[in-house]
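For reference, the chains in residue letters:
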Amino acid sequence: MYKQFILFFMLAFNAGGGSIEIGTDEFFSNNPFCASCADDMRYQTLYLESEIGNSIEIQSISLMRTPAGGTSVTLDTLAIYIGYSKGGELGTNFDGNYQPGTKQLVFWEENCTINAPEPIQWFSIDLENPFNYNGIGNLIIEYTWPDGHDEVFNYNWTGTLKRSLTGGWASSTGFTTQDCPHILLSGNLSLQSETFGFIKSLFGRE
């Protein structure tokens, strides 16, 4: 009975809600939410398996607001897609960067306003369709909108790979850079490998 209680506690504690933070506050960026800077936007970003570190059902995405810029942005339509990358860095073709069949629409809202009232604080977007990341493979998160007004600036950080791809709403190709947003992925985390090891050792005892 004691072992069953410990197992239940470990499953409940490790498989519940949580978050994964990737990146740092390195510099101000106007991508992806500056409608005062661009007429439209298609902005694809890449996060590596080694940075994510765990499987997660992604229910919301948060970015870190900078002291500069406005406190809200309104977009005619905001669409967000998530999928697995077929490579270790991004090429210049948006759809060609996805593993075939993995691109999923997780958010679509017309006349969408994103509020970010406080500087140096996360601002979040709750996904309409959560994405189940299985812990294996690199992940693409793509934001796209056709028009809007005002802006919110967020912090980006720089890696050594081609981490972002920028173009217009209807673009099939764009230009790559080595930076992408400091991000927080929130949702339901799966069991950590250490937990499986503990469970195995627990039930392996006499």
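Keep in mind the model is a prediction, meaning the values are calculated, not measured.

Asker: What should I look at first to understand the pattern of salt bridges in this one?
Answerer: Pairs can form between side chains of opposite charge whenever their charged atoms are close. Summed over all chains, the structure comprises four salt bridges. In this structure, R42 and D95 form a salt bridge, with 2.9 Å as the shortest nitrogen-oxygen distance. With R42 in strand β3 (residues 41–47) and D95 in the loop between β4 (56–84) and β5 (104–115), this residue pair connects regions lying 53 residues apart in the sequence. What makes R42 buried here is its relative accessible area of 8%. According to the relative accessible area criterion, D95 is partly exposed, its value standing at 45%. With a closest N to O distance of 3.1 Å, K103 and D95 form a salt bridge. Among the charged side chains, a network of salt bridges with common partners joins R42, D95, K103 and E142.

Asker: What exactly am I supposed to notice about the environment of L161 here?
Answerer: Within the secondary structure, L161 sits in the loop between β8 (148–158) and β9 (164–167). For L161, a relative accessible area of 27% corresponds to the partly exposed category. Considering only alpha carbons, one finds L161 and L90, 71 residues apart in sequence, at a separation of 8.1 Å. Not counting chain neighbours up to four residues away, the residues in contact with L161 comprise L48, G88, E89, T177 and Q178.

Reading the values: rules and limits
Residues numbered from 1 in each chain as written. Predicted model: local features only at pLDDT ≥ 70, side-chain atom pairs only at ≥ 80, totals over all residues. Heavy atoms only, no water. Salt bridge = Lys/Arg side-chain N within 4 Å of Asp/Glu carboxyl O. Helix = DSSP H or I, 4+ residues; strand = E, 2+ residues; numbered from the N terminus. Buried < 20%, exposed > 50% of the residue type's maximum accessible area, 1.4 Å probe, protein only. Contact = heavy atoms within 4.5 Å.

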